[in-house]
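Structural overview
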Amino acid sequence: MKKTTLYLLLSLTTALITSCGTYNRKADLTGIDFDVTIERFDSAFWTMDTTNLENEFHKLKTNFPEITETYLQQVIRFGHPDSAITHNTYKIFRNDTSVQRLYTDALNKFSDMSEYNKQLTSAFRKAKYFLPHLSTPKVYCHVSGLNQSIIIGNNFISLSIDNYMGSDYEIYSLLNIYEYQRKNMKPEKVVCDYITAWLVGEYPKNVSENLLNDIVYQGKILYTTSQLLELPDSLLMGYTSAEWEWVNKYEKDMWLSLMSSKDLYTTQLIEKGRYVNDGPFTLPFTQESPGRAGVFIGWQIVKSYMKHNSNISIQQLMQETDAQKILNQSRYNP
């Protein structure tokens, strides 16, 4: 059985130094010509004919072989697509008014995916240049009922579009989703979350590592994502403009605080989480700081590493697992 990993993403520029001291990492896309299209599993699943579900589920498996069983058994937990229980559950599901509203809103909000397809095509073409050993995955979208945001499977990724309806979406407020979470539940995060999820799937993290390894790992993901997408750094980080201004202003203070506390090498999950988990602020720093500020520091370390090591490719960066080496050779000193 193929192993599939599910990730809830709560959310995850510059480039190689040149001889004149500026950053100019550009992919040579000569001969790299293919398109990436988000396949609409969401609409195919929602519009099945309830009078002949045995045939409809067979078509669903045929048209979407990678995602169908994973979605049914691990995301919405209906069961096997060939099961009569699954078919009956689907009928009840389709008649639920709250589900109907969520699906209707999501399918209307994302009726046109052309811009997302364009951005993903550009990103994966660059990825083929920078990371030629990786294959381009199939890309799907689904509706999870505000549950599993991203599915990462065997050479496919799928994003739950109902988690990107906009921070002011009424259902988010009704469900009391925190403001710090809602701020990134917007369409602008779709493409970077696809790319981030793909990189996380291709380069999984060792969960037993210390904080330095955690922040450098996430810094590598952010750095590479920034090379594949032409999006503002603040958006990639998931920060408002005010939050982005804050972390840049107090970068030195955060680094000194991290060093003086000796938390950089802690292996305690709770302590590490205070620096890297999503939240209203990063507790070890100050309540004025945005959440995940430790990840921002990790990103700056990786940027500095790539700036001072012009011979290191993105592929080499992503394959380097020695976070202490990256820190030492980064000359990071904000």
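For the structure itself, consult the block above.
Residues take numbers from 1 onward in each chain, read along the sequence in its written order. Thresholds applied to this predicted model are a pLDDT of at least 70 for local features of residues and 80 or more for the giving and counting of side-chain atom pairs; totals over whole chains, interfaces and linings are not thresholded and use all residues. The basis for every side-chain value is the complete set of heavy atoms in the structure, and neither hydrogens nor water enter the calculation.

1. Quick look at the side chain of Glu 251
- Summarising the element assignment, Glu 251 is placed in helix H13 (residues 251-261).
- Only protein chains enter the accessibility calculation, which uses a 1.4 Å probe. A residue is then buried if its area is under 20% of the maximum for its type, exposed if over 50%, and partly exposed in between. Lys and Arg are tallied as positive, Asp and Glu as negative. Neither His nor the chain termini are counted. Take a side-chain nitrogen of Lys or Arg and a carboxyl oxygen of Asp or Glu: if they are within 4 Å of each other, that pair is a salt bridge. The side chain of Glu 251 sits in the buried core without any salt bridge; Lys 303 is the nearest counter-charge, 8.2 Å away.
- Here, residues are in contact when the closest pair of their heavy atoms is within 4.5 Å. Non-local contacts of Glu 251, meaning those with residues more than four positions away in its chain, are made with Phe 296, Ile 297, Gln 300, Tyr 332 and Pro 334. A run of H or I in DSSP counts as a helix once it spans at least four residues, and a run of E counts as a strand once it spans at least two, with each numbered from the N terminus.

2. Let's talk about the side chain of Asp 42
- With respect to the element layout, Asp 42 can be found in helix H1 (residues 41-46).
- Classification of Asp 42 as buried rests on a relative accessible area of 1%.

3. Thoughts on the state of the cysteines
- For this text, the term disulfide refers to a pair of cysteine sulfurs within 2.5 Å. One pass over the full model with this rule turns up zero disulfides.
- The thiol sulfur of Cys 141 is not disulfide-bonded, and the nearest other cysteine sulfur, from Cys 192, lies at 16 Å.
- By relative accessible area, which is 1% here, Cys 192 ends up buried.

4. Some words on the packing of aromatic side chains
- Centres within 6.5 Å make a pair out of two Phe, Tyr or Trp rings, where for Trp the six-membered ring is used; the pair is then stacked when the planes are under 30 degrees apart, edge-to-face when over 60, and tilted otherwise. Under the definition given, this model contains 24 aromatic pairs.
- Centre to centre, the rings of Phe 45 and Phe 78 are 6.4 Å apart; their planes meet at 50 degrees, and the pair counts as tilted. With Phe 45 in helix H1 and Phe 78 in the loop between helix H3 (68-75) and helix H4 (84-95), this pair connects stretches of sequence that are 33 residues apart. Neither residue differs from the other here; Phe 45 and Phe 78 are each classed as buried.
- Each member of the aromatic cluster is reached from another via a ring pair, and the members are Phe 41, Phe 45, Trp 46, Phe 57, Phe 64, Tyr 71, Phe 78, Tyr 90, Phe 93, Tyr 103, Tyr 140 and Phe 156.

5. Details of empty space enclosed by the protein
- Each pocket or cavity is described by its volume, and for the largest cavity that value is around 30 Å³.
- Polar here means any residue outside two lists: the nonpolar Ala, Val, Leu, Ile, Met, Phe, Trp, Tyr, Cys and Pro, and the charged Asp, Glu, Lys and Arg; Gly therefore counts as polar. Partitioning the lining of the largest cavity into residue classes produces two nonpolar, four polar and three charged. Of the two site types, the cavity is a set of points on a 1 Å grid over the protein atoms alone where a 1.4 Å probe fits but cannot get out, and the pocket is an open set with protein on both sides within 12 Å along at least five of seven lines, each lined by residues with an atom within 4 Å of a point. Grid points are joined across faces, edges and corners, and a volume is the space filled by probe spheres set on the points.

In short, the description is geometric, and any link to function would need to be established separately.
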